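This is what each chain is made of:
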Amino acid sequence: DNEHFDLDKGIHFLTLGAEQDNSVAQAALGDIYYDAKFTDQNLVLAEKWYRLAAKSNDSAGLFGLGCLYQDGEVVPKHPKKAFQLFSRSSLLGNPAAQNKLGTLYAIGSGIKKDKKEAFGWHLEASKSGLADAHNSLGGFYEDGDYVNKDLKKATKHYKFAAERGHLLAQFNLA
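Values in this document were obtained by computation on a predicted structure and should not be read as measured data.

> Talk me through the packing of aromatic side chains; I want residue IDs and the actual numbers.
A complete count under the given rule lists six aromatic pairs for this structure. Ring plane angle 75° and centroid distance 5.4 Å describe the contact between F119 and F140, whose orientation is recorded as edge-to-face. One end of the pair, F119, is in helix α7 (residues 115–126); the other, F140, is in helix α8 (residues 131–143), with 21 residues separating them in the sequence. In this structure, F119 and F140 share a single accessibility class: buried. Judged by centre distance (5.7 Å) and plane angle (45°), the rings of F119 and Y146 are tilted.

> Describe the pattern of salt bridges, and please don't skip the residues or the numbers.
By the definition in use, this model includes four salt bridges. The salt bridge partner of K115 is D145, with a shortest N-O separation of 3.0 Å. Highlighted residues: K115 in helix α7 and D145 in the loop between α8 and α9 (151–162), separated in sequence by 30 residues. A relative accessible area of 28% places K115 in the partly exposed class.

> An account of helix α2 (residues 23–35) is requested, with residue identities and associated values reported.
One turn of an α-helix holds 3.6 residues; hence residues three or four places apart share an orientation. Under the 1.5 Å per step criterion, the end-to-end length of α2 is 18 Å for 13 residues, consistent within 8% with the ideal 18 Å. Here α2 starts with a cap whose side-chain oxygen sits 2.9 Å from the backbone nitrogen of V24, and that cap is N22. Backbone geometry just after α2 places A36 at a positive phi near 60°.

> Could you give me a rundown of the packing of helix α4 (residues 59–71) against helix α6 (residues 95–107), with the residues and numbers involved?
It is the contact of α4 with α6, at a shortest axis distance of 10 Å, that shows an interaxial angle of 30°. When you trace α4 past α6, the crossing you get is left-handed. Contact residues: F63, C67 and Q70 in α4; A96, A97, K100 and L104 in α6. Counted by class, the contact of α4 with α6 contains five nonpolar, one polar and one charged residues.

> Could you give me a rundown of the environment of E47, with the residues and numbers involved?
By the element assignment, E47 lies in helix α3 (residues 43–55). Separated by 28 residues in the primary sequence, E47 and V75 have C-alpha atoms spaced 8.2 Å apart. Filtering out sequence-adjacent residues up to four positions away, E47 remains in contact with L65, L68, V74 and V75.

> Mind laying out the environment of R164, listing which residues take part and the relevant values?
Residue position: R164 is located in the loop between α9 and α10 (167–173). Residue R164 is classed as partly exposed on the basis of its relative accessible area of 47%. Each C-alpha atom of the pair R164 and Y50 lies 28 Å from the other, and the pair is 114 residues apart in sequence. In contact with R164, not counting residues within four places along its chain, are G129 and A131.

Conventions adopted
- Residues numbered from 1 in each chain as written.
- Predicted model: local features only at pLDDT ≥ 70, side-chain atom pairs only at ≥ 80, totals over all residues.
- Heavy atoms only, no water.
- Phe/Tyr/Trp six-rings, centres within 6.5 Å; stacked < 30°, edge-to-face > 60°.
- Helix = DSSP H or I, 4+ residues; strand = E, 2+ residues; numbered from the N terminus.
- Buried < 20%, exposed > 50% of the residue type's maximum accessible area, 1.4 Å probe, protein only.
- Salt bridge = Lys/Arg side-chain N within 4 Å of Asp/Glu carboxyl O.
- Expected span 1.5 Å × (residues − 1).
- Polar contact = N/O pair within 3.5 Å; in protein donor to acceptor, adjacent residues only side chain to side chain.
- Axes fitted to C-alpha atoms, helices over the stretch in contact; angles between N-to-C directions.
- Left-handed = near helix turned anticlockwise from the far one by under 90°.
- Contact = heavy atoms within 4.5 Å.
- Nonpolar A, V, L, I, M, F, W, Y, C, P; charged D, E, K, R; others polar.

So this is what it looks like as structure tokens:
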């Protein structure tokens with residue numbers, strides 16, 4: 001029941017866990033300070049907690065730190081380092097990182113452009129039901145990019161993503 005949720009108390013207990021080297025709590029704090037859904041954005045604190053979680057090979061911490069290197073706001077922009085962090089997170093099964101890796105391969109950021117790898121990572125991420133990955137797969141099938149052009153498959157993936165609120169997929173179906 002969200003009306004009884006005490007954000008300050010939640011952050012307090014997450015911080016206690018994070019200070020005891022709990023990588024899940026560290027990554028969760030990183031998310032809280034990065035996303036700014038529950039509190040003001042603080043990229044310095046996000047980086048601190050993501051970096052600590054990443055040291056423990058936490059997939060969410062690796063992903064968050066990769067986002068910071070991709071954005072280049074609180075740490076210097078470093079596409080190759082972002083790619084390496086997303087790769088490590090992907091191999092740990094993180095669907096968001098797998099999808100991000102697919103995008104990096106598709107555009108050649110931090111790595112040589114490789115449509116086969118891009119498609120493969122988007123496909124892997126889509127297995128978890130990630131709407132963004134399905135939208136990307138729709139684009140591959142619509143354009144005949146690496147795969148044979150197949151508008152039925154494109155529509156299927158766009159529809160899956162659109163039904164889950166993905167705005168670009170909704171536009172792609174229009």
